[in-house]
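# Structural characterization, general
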Amino acid sequence: QLQLVESGGGSVQPGGSLKLSCAAVGFTLNDQTVGWFRQAPGKEPEGISCVSNRGGSTHFADALKGRFTIGRDFAKDAVYLQMNDLRVEDQARYYCAVKIDSTCSDNTRLYHYWGPGTQVTVVS
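What you see is a predicted model; the values in this text were computed from it and never measured. (Residues numbered from 1 in each chain as written. Predicted model: local features only at pLDDT ≥ 70, side-chain atom pairs only at ≥ 80, totals over all residues. Heavy atoms only, no water.)

Across its full length, the protein carries zero helices and 11 strands. In sequence order, the secondary structure elements of the protein are arranged as β-β-β-β-β-β-β-β-β-β-β. Along the three orthogonal principal directions, the C-alpha set of the protein runs to about 40 × 25 × 25 Å. Counting across all 124 residues of the protein, residues that qualify as buried make up 44%. Of the roughly 6,400 Å² of accessible surface on the protein, 46% is carried by carbon and sulfur atoms. With 12 positive and 12 negative side-chain charges, the protein shows a separation of 1 Å between the mean positions of the two kinds. (Helix = DSSP H or I, 4+ residues; strand = E, 2+ residues; numbered from the N terminus. Buried < 20%, exposed > 50% of the residue type's maximum accessible area, 1.4 Å probe, protein only. Areas by Shrake-Rupley, 256 points an atom, 1.4 Å probe, with all protein chains shown as cover. Lys, Arg positive; Asp, Glu negative; His and termini not counted. Charge placed at Lys NZ, Arg CZ, Asp CG, Glu CD.)

If you want it as structure tokens, here you go:
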């Protein structure tokens, strides 16, 4: 069974940092194009960033580019999302997803596998 699992969420104060991790069960994540998304209650899903299986990364949200960084941990076969200077508006459920080709996209419909998400709460 193919699964994605996110971890690393939690509760932080504004200005804090979290590092989310995405791991796969049943397949090799290093070979996949992986995107990070988030969704806050009552809002549409928002694409954050993506790393292609051919190398390179794409940031979908310019407002997050300086604070959020996507990367791969090849040794752990994982994709992480480093989030710094977290703000109240970053509070959401964060998801990783796999796309079965090499092109990054912020269109959620193009991703084939999704994890259950991990909650990020930012409270003062």
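This part takes up a nonpolar patch on the surface. Where nonpolar side chains cluster on the molecular surface, the patch consists of Leu2, Ile100 and Tyr113 and spans about 260 Å² of accessible area. Looking at where Tyr113 falls in the secondary structure, it is placed in strand S10 (residues 113-114). Its relative accessible area of 31% is what places Tyr113 among the partly exposed residues. (Patch = residues over 30% accessible without salt bridge, like charges linked within 9 Å, V, L, I, M, F, W, Y side chains within 5 Å. Salt bridge = Lys/Arg side-chain N within 4 Å of Asp/Glu carboxyl O.)

The strands that make up a sheet are held in pairs by hydrogen bonds between backbone atoms, and each pair lies either parallel or antiparallel. Spatial ordering of the open sheet is given by S1-S3-S8-S7, a layout of four strands whose pairing is antiparallel. A strand with exactly one partner marks an edge of an open sheet, and here the two such strands are strand S1 (3-7) and strand S7 (68-73). The average undirected angle you get between the axes of adjacent strands in this sheet is 20°. Strand direction decides the pairing type here: S1 and strand S3 (residues 18-25), joined by five bridges, are antiparallel. Within the sheet, the bridge partner assigned to Leu4 lies in S3 and is Ala24. (Pairing = 2+ DSSP bridges. Axes fitted to C-alpha atoms, helices over the stretch in contact; angles between N-to-C directions.)

Our focus in this paragraph is the nonpolar core. One finds Leu29, Trp36, Leu81, Met83 and Tyr94 to be the most contacted residues of the largest nonpolar core, which totals 27 residues. Counting residues per element, the ones that place at least two in this core are S3, strand S4 (33-39), strand S5 (46-51), S7, strand S8 (78-83), strand S9 (92-99) and strand S11 (118-122). Once you skip the residues sitting within four places of it in the chain, Leu29 turns out to touch Leu4, Cys22, Ala23, Ala24, Val34, Arg72, Asp77, Ala78, Val79 and Val98. Within the second largest apolar cluster, five residues are counted, among which are Phe37, Ala97, Cys104 and Tyr111. (Core = buried A, V, L, I, M, F, W, Y, C linked by side-chain atoms within 4.5 Å. Contact = heavy atoms within 4.5 Å.)

This structure, assessed with the given rule, holds five salt bridges. Where Asp90 meets Arg38, a salt bridge forms, and the shortest distance between an N and an O atom there is 2.9 Å. In this pair, Asp90 sits in the loop between S8 and S9 while Arg38 sits in strand S4, placing the two residues 52 residues apart along the sequence. Here Asp90 falls in the buried class, since its relative accessible area comes to 1%. For Asp90, the salt bridge identified is with Arg67, shortest N-O distance 2.7 Å. On the criterion of sequence distance, the pair formed by Asp90 in the loop between S8 and S9 and Arg67 in the loop between strand S6 (57-59) and S7 is long-range, its members being 23 residues apart. Judged by relative accessible area, which is 9%, Arg67 ranks as buried.

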